[in-house]
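# Report on the structure
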Amino acid sequence: MTPSPAPPSSSADHPIRAEGLVKSFGDTHAVRDVSLEVPAGTILGVLGPNGAGKTTTVRMLTTLSVPDAGWARVAGHDVVAEPRAVRRRIGVTGQNATLDENLTGRENLEMVARLGGASRPTARSRAVEMLERFELPHAADRVVKGYSGGMRRRLDLAASLVGHPSVLFLDEPTTGLDPTSRAGMWDIIRELVADGTTVLLTTQYLDEADLLADRIVVIDQGTVIAEGTSPQLKARVGGERLQLVLSAPHPSVRDLLAPLAAGEVVVDGRTVTMPVDPVPGLATTVVRTLDGAGITVDDVEVRRPSLDDVFFALTGHAAEPVTADDDDPLPELEGANR
Amino acid sequence: MTATTIPLDEPSVAPDSRIGDWVRDVGVMTRRNLLHIRREPMQLSDVTIQPALFVVLFVFVFGSAMVIPGGTYKDFAIAGMLTMVMVTATPGTAVGISTDLHTGVIDRFRTLPMAPSTILAGRSLADLLSLVLCATIVAITGFLIGWRTDASLLSVLAGFGLVLLFAYAFSWLMLCMGMAVTDPESAQALSWLLVFPIAFVSYAIVPTEGMPAVLRSIANWNPLSSVSAGARELFGNPNPAAHSGAWPLEHAIPVAIGWSLLILAVTIPAAIRLFRRRTAD
């Protein structure tokens, strides 16, 4: 199979466009059919479990891997026909830090800037700018070998941005980071998008996609299984749910609550779950109704569907399976052998 | 890049800047490798301390038992020692490229608009600079223990050039070897397996006349022997093989240059192909 040629005209307002990407490694069909579009200045979240094909997709979009079929245009250029033109305009941060361990932070940034085409003085000033932006000036002249995991990630992202790319690919940028570093990374990503950068971000964290992404593509087993905004995806699993825990099981609870529910009332011993419409005072009405029948309630919770629920509804399995594969190395191993 | 589909809002890059870009990128990559050496100066021991030690040990230990027709062992030995220590310094190249391929930094390079050949050229240029350092150390050590040349300065410099050319070609062979094996440890082990017999079954540190017939033929046709003989000729040092009837040693200079160019002609394209294979998926 050869990649089919991209159509000559690509809408300038979608810096990332891919159609029907396919990639196999021997008998492993890493990516079966992935199409996506990212409007300029927005974040697309690519959500999927380990081994879903997220990394392979990013590698094709960033010219590291040639698709078996399909095409992709990034920043106006075909990734197969014009890889150099694409590379001039993109920044890439993978799951593993792609830094030279024996150079200092500053030397790494200057090297990457120079290789991106900057003159020596420009490379120097951009390195300083990035070190300050990523709060690394104290570590600027230390060898990367001695950096912590969080510092490495920040420097890696700095290296991706030192050439001022218009399109940024972040492959699981926060995997293995502590909560503080994650929040810091999110702030940086939001700032970049506010400045007009177009971002494609892969993640296996549902909250991350929920918080950051303008649109979300859900990938499972190499195929796009859903696409939309976070609220749209959540709407696919239905609305809010009221969950009650009774002090003791009661035979007529189902009949009492049926008029108040927006669907079937599920009773499981002391636990009652019912879909509800978001009506003001609903929880109060429910509790009063039960109280009137002499039923006491220990716990009430209104649950909105999370992306976890979406993922489960779409794929039939949970978002984070137990099997790990080479698509996503275990975070705790990162940096250990460097 | 092909210029056919560049949208108007994208800055285009003049095609004539590509050679300039290549030269700049090789410079950046060379600097990177030199910075590595500065970080870990012990990496340089195989082109500094080790050659000096070898020269002194061999000259005084072997030299005490060696009779060289037409001169002293000291004057005979330096050209061969130079060849030997330069070649035994090249396994570092195999280990270096193998280590590079094992770290994520290669993926960073591949997302940058640079030619893959600049990575190889940068390493090879940095290695050439350390080989020049190695040659200087051998020359100084040799001079200090009493080695003298008997030729014009130009001829002596040509002798160093001949050895340097061969060692440089050999470092490309090592570059290929480093990329052909899976990890730096294998690269280290395999390159030494190659270098040791080549260094010792040769005319580098002993005359070949005394060797058993089979070994002598192998030694006479060993490229290292021609390089050593060529350097002896250009230094004006004792060179008994010049009249030994061994063709590759009697025509040492053209044979040495021929070997070097042949190795380069085979290994440079092979290295680029191996690099592509190792980094493609």
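In this text the structure is predicted, and so the values were computed from the model without any measurement. (Residues numbered from 1 in each chain as written. Chains lettered and ligands numbered in written order. Predicted model: local features only at pLDDT ≥ 70, side-chain atom pairs only at ≥ 80, totals over all residues.)

### Here we look at the sheet that holds strand β14 (residues 297-303) of chain A
Residue and element names in this part refer to chain A. Let me state the cut-off plainly: Pairing between strands is defined by DSSP: at least two bridges between the two strands are required. A run of H or I in DSSP counts as a helix once it spans at least four residues, and a run of E counts as a strand once it spans at least two, with each numbered from the N terminus. Angles shown run from 0 to 180 degrees and are taken between the N-to-C directions of axes, each axis being a line fitted to C-alpha atoms and, for helices, limited to the stretch in contact. Whether two residues are in contact is decided by their C-beta atoms, placed from the backbone, lying within 7 Å.
Pairing is antiparallel in the open sheet, where 4 strands are placed in the order β12-β13-β11-β14. Edge strands, defined here as strands with exactly one partner in the open sheet, are β12 (266-268) and β14. In this sheet, adjacent strand axes meet at a mean angle of 15° when their direction is disregarded. The pairing of strand β11 (residues 241-246) with β14 spans 6 bridges and is classified as antiparallel. Looking across to β14, one finds that Arg-241 is bridged to Arg-303. Strands in contact with helix α10 (residues 282-292) are β11 and β14; relative to β14, the strand with the most contacts, it is inclined by about 155°.

### Overview of the domain arrangement of chain A
Rules: The domain boundaries here were taken from an automatic or database domain assignment.
Per the domain assignment, the segments of chain A are domain 1 (16-89 + 165-234 + 327-333) and domain 2 (239-304). Using C-alpha coordinates to define each centre, domain 1 of chain A is positioned 41 Å away from domain 2 of chain A.

### Brief notes about the nonpolar core
How we decide: Nonpolar core, as used here: buried Ala, Val, Leu, Ile, Met, Phe, Trp, Tyr and Cys residues forming one set through C-beta atoms within 7 Å. Put simply, a residue is buried when 20 or more other C-beta atoms lie within 10 Å of its own C-beta and exposed when 12 or fewer do; between those, it is partly exposed, and each C-beta is set from the backbone.
The biggest cluster of nonpolar side chains holds 98 residues, and the ones touching the most others in it are Ala-158 of chain A together with Met-81, Leu-82, Met-86 and Val-163 of chain B. Broken down by element, the residue count for this core peaks at 15 residues, all from helix α7 (residues 153-180) of chain B. Residues in contact with Met-86 of chain B, not counting those within four places in the same chain, are Leu-131, Cys-134, Ala-135, Val-163 and Ala-167 of chain B.

### Examining helix α5 (residues 149-161) of chain A
Because an α-helix completes one turn every 3.6 residues, residues spaced three or four positions apart along the sequence face the same direction. Worth spelling out the cut-off: What a helix is expected to span follows from its residue count: subtract one and scale by 1.5 Å.
For α5 of chain A, with 13 residues, the first-to-last C-alpha span of 19 Å sits near the 18 Å given by 1.5 Å per residue. Most of α5 of chain A sits out of view: 11 of its 13 residues are buried. For α5 of chain A, the set of buried residues is Met-151, Arg-152, Arg-153, Arg-154, Leu-155, Asp-156, Leu-157, Ala-158, Ala-159, Ser-160 and Leu-161 of chain A. In the core, the buried residues of α5 of chain A are packed alongside β6 (90-93), α3 (105-115), α4 (120-133), β7 (167-171) and α6 (179-194) of chain A together with α5 (105-110) of chain B.

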